[in-house]
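Report on the structure
The chain contents come next:
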Amino acid sequence: WVWVFKKMRLVAFHRRLLSYCCLSNLYRKCYYSCGRSFNVCIVGSGPAGFYTAYKLLKDNPSVRVDVYEKLPVPFGLVRFGVAPDHPEVKNVINQFTELARSERCTFIGNVSIGSQLTVDCLRNYYDAIVMAYGAKEDRRLGIPGEDLPGVFSARSFVGWYNGLPDEKNLSPDLSGEKAIIFGQGNVALDVARILLTPVDILKRTDICAHAMDTLTNSKIKSVEIVGRRGPLQVAFTIKELRELTKLPGCQAALNSSDFDSIRDSFSDASRPRKRITELMIRAANEMKNNGLKEWTLTFLRSPLELLSSAHGKVSGVRLERNRLEERDGAAIAIGTGEVECKECDVVGCLVLVHCM
């Protein structure tokens, strides 16, 4: 199941809330419950919640689990976070559904812990409480113009095209031709792919109807994916990159000179990193055709300000060029003071989110 979490981009695993030590301690409590039922409350019905329930029920026959969820339906990021054109990742829902049918597991939806039920109240009825809920708010960039119309967080945009009830009224304006995305992880590539995928292909996925209507009328032709560091530090996996390179009616518009400084050094990188870099270089060297939609990766840039048009909508971004500096074995992006501006019509702020 670690592989499944990788596939679903749960990199932080809810800030390592369900660490091995915590679960081991909970197992010991379950084991020594003197034959009586050991009642566990799990707050959150996403992958973290259901995998916790699975391990507890599998290893401890005396355990009973109640899974609480704010939404009326379960499965969290599996249902509302996985891209609609990745149905194979959502197959884990079948395992979760089978678990929920167990006599020792109860799903309780449409209940908000903290407002409708307090944790102190739950303590009166359960032997243990596991907090496995996900991100509630976005981590902001902290730059001017972040609240302009046309600027969206990854959490909101992904929730919008996946049918998350809280995001159904997002209504992004995709009447412009260019989108800029901050962040070079799998979610960034997911959003770029959804924006550029031909409508006929999207219609064959389980993307929600309101997003399909908007994307059908989208004028987006170019997506620029901006990262603070260089090609050797991108966070996406080769699968997501390969999907972009093979997208029908779309081409990569990478700058081959961005890879000149690493052509001799990346041979010492790990095999996954080497394969990703080789694929980026091949994409940068491919012949370009006019009239196709395109995507590109821009490296060593940090956003300083989101610019507004005369109509009060986002119209561009002011970026600072970076250089990389080695610190304790990690490549750190350091601003050079050199600034440039880029025009755009939509901005996706794909930054890490934090749990509340």
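Refer to the structure printed above.
Below: a short report on this structure. (Residues numbered from 1 in each chain as written. Predicted model: local features only at pLDDT ≥ 70, side-chain atom pairs only at ≥ 80, totals over all residues. Heavy atoms only, no water.)

1. A closer look at a positive patch on the surface
- A cluster of basic residues, R242, K246, R271, R275 and R282, forms a positive patch on the protein surface.
- Within the fold, R242 resides in helix α12 (residues 238–245). (Patch = residues over 30% accessible without salt bridge, like charges linked within 9 Å, V, L, I, M, F, W, Y side chains within 5 Å. Areas by Shrake-Rupley, 256 points an atom, 1.4 Å probe, with all protein chains shown as cover. Salt bridge = Lys/Arg side-chain N within 4 Å of Asp/Glu carboxyl O. Lys, Arg positive; Asp, Glu negative; His and termini not counted. Charge placed at Lys NZ, Arg CZ, Asp CG, Glu CD. Helix = DSSP H or I, 4+ residues; strand = E, 2+ residues; numbered from the N terminus.)

2. Re the layout of surface pockets
- Estimates place the volume of the second largest pocket at around 400 Å³.
- Lining of the second largest pocket is provided by 23 residues; of these, G230, P231, D258, F299 and L300 occupy positions nearest its centre.
- At the level of elements, β10 (293–298), β12 (314–327) and β13 (330–343) are the ones that each hand at least two residues to the lining of the second largest pocket.
- Among the elements that make up the lining of the second largest pocket, the one with the highest residue count is β12 (6 residues).
- In terms of residue class, the lining of the second largest pocket is built from 8 nonpolar, 7 polar and 8 charged. (1 Å grid on protein atoms, 1.4 Å probe; cavity = no way out; pocket = protein on both sides within 12 Å on 5 of 7 lines; lining within 4 Å. Points joined across faces, edges and corners; volume = space filled by probe spheres on them. Nonpolar A, V, L, I, M, F, W, Y, C, P; charged D, E, K, R; others polar.)

3. Remarks on the pairing of strand β7 (residues 178–182)
- For β7, the tally of buried residues reaches 4 of 5 residues, placing the bulk of the element in the interior.
- In the sheet, β7 pairs with strand β8 (residues 222–226) via 5 bridges, with the strands oriented parallel. Residue pairing across strands places A179 opposite V223, the latter belonging to β8. (Buried < 20%, exposed > 50% of the residue type's maximum accessible area, 1.4 Å probe, protein only. Pairing = 2+ DSSP bridges.)

4. What about unusual backbone geometry?
- We note that N110 has phi near 65°; this positive angle belongs to a residue other than glycine.
- With respect to the element layout, N110 can be found in the loop between β3 (105–108) and α7 (119–123).
- Even without being glycine, S171 reaches a positive phi, approximately 50°.

5. Side note on the packing of helix α4 (residues 47–59) against helix α6 (residues 92–100)
- In contact at an axis separation of 10 Å, α4 and α6 are set at 50° when each is read in the N-to-C sense. The angle between α4 and α6 falls in the class oblique. Judged by the sense of rotation from one axis to the other, the crossing of α4 with α6 is left-handed. In this structure, α4 uses P47, F50, Y51, A53, Y54 and L57 to contact α6, whose residues at the interface are V92, Q95, F96, L99 and A100. (Axes fitted to C-alpha atoms, helices over the stretch in contact; angles between N-to-C directions. Parallel < 35°, antiparallel > 145°, perpendicular 65-115°, else oblique. Left-handed = near helix turned anticlockwise from the far one by under 90°. Contact = heavy atoms within 4.5 Å.)

6. Some remarks on the pattern of salt bridges
- For the structure on display, the rule yields 24 salt bridges.
- For the salt bridge of R123 with D120, the shortest nitrogen-to-oxygen distance reads 2.5 Å. Here R123 pairs with D120, and both are found in helix α7, just 3 residues apart, close to one helical turn.
- The exposure class assigned to R123 is exposed, which follows from its relative accessible area of 53%.
- The class of D120 is exposed, set by a relative accessible area of 53%.
- For D138, the salt bridge identified is with R155, shortest N-O distance 2.8 Å. Residue D138 is found in the loop between β5 (135–137) and β6 (151–153), and its partner R155 is found in helix α8 (residues 154–161); the two are separated by 17 residues along the sequence.

7. Let's talk about the environment of N186
- Checked against the element boundaries, N186 lands in helix α9 (residues 186–196).
- In this structure, the C-alpha to C-alpha distance between N186 and A235, residues 49 residues apart in sequence, is 6.9 Å.

8. A short note on α6
- Along α6, the residues that are buried comprise V92, I93, F96 and L99. Seen from one end, α6 has its buried residues packed into an arc of 120°, which puts them on one side. Opposite the packed face of α6, turned more than 90 degrees from it, sit the exposed residues N94 and E98. (Arc of directions from axis to C-beta.)

9. Let's talk about the sheet that holds strand β11 (residues 301–308)
- One open sheet accounts for 3 strands, arranged β11-β12-β13; its pairing is antiparallel. Every other strand in the sheet has two partners, leaving β11 and β13 as the edge strands with one partner each. Neighbour-to-neighbour, the strand axes of this sheet turn through a mean angle of 20°, independent of strand direction.
- Of the pairings in the sheet, the one linking β11 to β12 comprises 7 bridges and is antiparallel in character. Of the residues in β12, the one forming a bridge with S302 is E320.

10. Brief notes about the pairing of β13
- Judged from the 11 bridges that link them, β12 and β13 form a sheet pairing that is antiparallel. Considered in β13, the bridge of E325 is made with I332.
- Between the end of β12 and the start of β13, which pair antiparallel, lie 2 residues, with D328 showing a positive phi angle near 55°.

11. Looking at α4
- Taking 1.5 Å per residue, 13 residues should reach 18 Å; α4 reaches 18 Å between its end C-alpha atoms and fits that length.
- Among the residues of α4, P47, A48, G49, F50, Y51, T52, A53, L56 and L57 are the ones counted as buried. (Expected span 1.5 Å × (residues − 1).)

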